[in-house]
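Notes for the structure review
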Amino acid sequence: MIRGAIFDIDGTLLDSLGIWEEADERYLEEQGIQAEEGLGRILYPMTLQEACAYIRRHYPVEDTQEEIISKIRKIVEVFYREQAPLKKGVAGFLSAIRAKGIPVIAATTGEKALAEAAFQRLGIETFFREILTCTGVGAGKDQPKIYEEGARLLGSRPEETLVFEDAFYALKTASDAGFLTIGVRDPYNEQDLGNILDTADFYLTDLTDFQGFWDRLEEKKGKQI
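Now for a look at the structure at hand. (Residues numbered from 1 in each chain as written. Predicted model: local features only at pLDDT ≥ 70, side-chain atom pairs only at ≥ 80, totals over all residues. Heavy atoms only, no water.)

**Structural notes on the overall build of the protein chain**
Short version of the rule: Counting from the N terminus, the helices are DSSP H or I runs at least four residues long and the strands are E runs at least two residues long. C-alpha atoms define the radius of gyration, and 2.2 Å times the number of residues to the power 0.38 defines the globule rule. Throughout, exposure labels follow a simple rule: accessible area from a 1.4 Å probe, protein chains only, divided by the maximum for the residue type, with under 20% read as buried, over 50% as exposed, and the rest as partly exposed. Each accessible area is a Shrake-Rupley estimate made with a 1.4 Å probe; only the visible protein chains count as cover when residues are assessed.
Each helix and strand in the protein chain was counted, giving eleven helices and six strands. Against the globule reference of 17 Å for 225 residues, the protein chain gives a C-alpha radius of gyration of 19 Å, in line with a compact fold. Principal-axis analysis of the C-alpha atoms places the extent of the protein chain at approximately 65 × 35 × 30 Å. Per-residue burial over the protein chain gives 50% buried out of 225 residues. Roughly 10900 Å² of accessible area belongs to the protein chain as shown, and the carbon and sulfur atoms make up 45% of that amount.

**A look at helix 1 (residues 17-30)**
Note the following rule: Working rule for helices: expected span equals 1.5 Å times residues minus one. Bend, in this description, refers to the angle at a residue between axes fitted to the seven residues ending there and the seven starting there. By definition in these notes, contact holds between two residues if any of their heavy atoms fall within 4.5 Å.
Counted at 1.5 Å a residue, the expected span for helix 1 with its 14 residues is 20 Å, and the 21 Å between its end C-alpha atoms agrees. The principal kink in helix 1, of about 40°, is found at Ala23. Among the residues of helix 1, those classed as buried are Leu17, Gly18, Ile19, Glu21, Ala23, Asp24, Tyr27 and Leu28. Contacts made by the buried residues of helix 1 are with helix 2 (39-43), helix 3 (48-58) and helix 4 (65-82). Looking at the residues trailing helix 1, positive phi occurs at Gly32, about 75°.

**Thoughts on the side chain of Asp166**
We count it as follows: A residue counts as positive if it is Lys or Arg and as negative if it is Asp or Glu; His and the chain ends are not included. For this analysis, a salt bridge means a side-chain nitrogen from Lys or Arg found within 4 Å of a carboxyl oxygen belonging to Asp or Glu. Polar contact is defined as a pair of N or O atoms within 3.5 Å, subject to the rule that within protein one atom must be able to donate a hydrogen and the other to accept it, and that residues adjacent in sequence are counted only when both atoms are side-chain atoms.
Take Asp166: it is sitting in the loop between strand 4 (161-165) and helix 9 (168-176). Buried charged residue Asp166 carries no salt bridge. Nearest counter-charge: Lys87, at 6.3 Å. Among the polar contacts made by the side chain of Asp166, one reaches the side chain of Asn189 at a distance of 2.4 Å. Not counting residues within four places of it along the chain, the set of residues in contact with Asp166 comprises Asp8, Asp10, Gly11, Thr12, Leu17, Val184, Asp186, Asn189 and Ile196.

**As for the sheet that holds strand 5 (residues 180-184)**
Rules: Each pair of strands is called paired provided DSSP finds at least two bridges between the two strands. Axis angles are defined between N-to-C directions and span 0 to 180 degrees, where every axis is a line fitted to C-alpha atoms and, for a helix, only to the segment in contact.
The parallel open sheet is built from six strands, whose spatial order is 3-2-1-4-5-6. Looking at strand neighbours, the two that pair on one side only are strand 3 (130-133) and strand 6 (202-204), the edges of this open sheet. Here the strands of the sheet are splayed against their neighbours by 25° on average, with no regard to which way each runs. Two strands pair when backbone bridges link them, and strand 1 (residues 4-8) and strand 4 are joined in this way by four bridges, in the parallel orientation. Residue Phe7 lies in a different strand from strand 4, and its bridge partner there is Phe164. Against the sheet, helix 11 (residues 210-221) makes contact with strand 4, strand 5 and strand 6, and its axis sits at roughly 175° relative to strand 6, the strand it touches most.

**Here we look at the side chain of Thr133**
Checked against the element boundaries, Thr133 lands in strand 3. Given a relative accessible area of 12%, Thr133 falls into the buried group. Here the side chain of Thr133 touches Gly136 through a polar contact of 2.9 Å, landing on its backbone nitrogen. If we skip the residues at most four places from it in the chain, Thr133 touches Thr108, Gly110, Glu111, Lys112 and Ile146.

**Digging into the pattern of salt bridges**
What the rule picks out here adds up to 13 salt bridges. Where Arg157 meets Glu160, a salt bridge forms, and the shortest distance between an N and an O atom there is 2.9 Å. Residue classification places Glu160 among the buried positions, given a relative accessible area of 7%. Overlapping salt bridges, with partners in common, bring together Arg3, Arg157, Glu159 and Glu160 in one network.

**A word on the nonpolar core**
To keep it simple, the criterion reads: To qualify as a nonpolar core, a set must consist of buried Ala, Val, Leu, Ile, Met, Phe, Trp, Tyr and Cys residues joined through side-chain atoms within 4.5 Å.
Counting 55 residues, the largest nonpolar core has Phe164 and Phe213 as the members making the most contacts within it. Broken down by element, the residue count for this core peaks at seven residues, all from helix 4. Once residues lying within four places of it in the same chain are set aside, the contact partners of Phe164 are Ala5, Ile6, Phe7, Asp8, Thr12, Phe93, Ile97, Ile182, Val184, Leu204 and Phe213. By size, the runner-up hydrophobic cluster in this structure holds 15 residues, among which are Leu132, Val137, Tyr147 and Leu154.

**Here's the deal with the packing of helix 4 against helix 6 (residues 112-122)**
Note the cut-off: Put simply, angles under 35 degrees are roughly parallel, angles over 145 are roughly antiparallel, angles from 65 to 115 are roughly perpendicular, and the rest are oblique. For this classification, Asp, Glu, Lys and Arg are treated as charged, while Ala, Val, Leu, Ile, Met, Phe, Trp, Tyr, Cys and Pro are nonpolar and the rest, including Gly, are polar.
At a minimum axis separation of 7 Å, helix 4 and helix 6 run at an interaxial angle of 30°. Overall, the two elements helix 4 and helix 6 adopt an arrangement that is roughly parallel. Contact with helix 4, carried on its side by Val76, Glu77, Phe79, Tyr80, Arg81 and Glu82, involves Leu114, Ala117, Ala118 and Arg121 of helix 6 and no other residues of that element. Among the residues forming the contact of helix 4 with helix 6, the class breakdown is six nonpolar, no polar and four charged.

Given below as C-alpha cells:
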C-alpha cells in the first residue's frame, strides 16, 4: 500500500531553481553593474554569505555584505510571491494523488514562508498536510531526517511513502533510507541524469501523466495499490 507522498518544492513542483542563479545577476543589474558571463553558475554552489563575499571582491559595489544579502533575499522573495510558476502538470498530478486518498507533504531546503506564499498564489496550498523545511527539522537533505519526519506525519513507513525529488543527492538520501523514489526532470540537474536514473525507482520528465506513472507503480509492486 502507498500511504503517503513527499514532494520537494524547488525544481520538482516549482520552476524556481533559476532564481538562485539569477538573483546575484539581478542585484548587480540594479546597481548598474554588468555581471560576468556565467556568474550564476560560479555562485550557485556557494552559500549566500560566500556569494556576497565574492561579489564584494570582484565588483565595485558600495553595499556592505549584509546589505547585499538583504537585497538578494528581497529579489528572491519577490520572485516567490509574484512570479514563481508551477512546473508542467503539477496541479493535475496533485489532484490525482488526492483522488487516491493519499496525503501529501512538501519538503524543502528553502524558507517555509516563501513556499506558502507561492502555493497560495498558485492555488495549491490545500493539497499539502504540511510544509517541512530542512531548517525546521535541523538537517539537510543529505540526511534522511526530513523524509522520516514527513513519513511520521503521514502515518506511513518509508516503503509506503513516495518521495519526489529533482536532485540526485536528495534522491539517494531517500532511497538509502528505504523510501520509494521518483526523480523529476529539471534542466539544472541534467549533469546528474545518469546517477538519477541509476538511483530512482522511477523517473518522470514531467508530471503530466499520473495514470501512466500509477500503472507503472502498480506493476512494480506486483499488486493493486
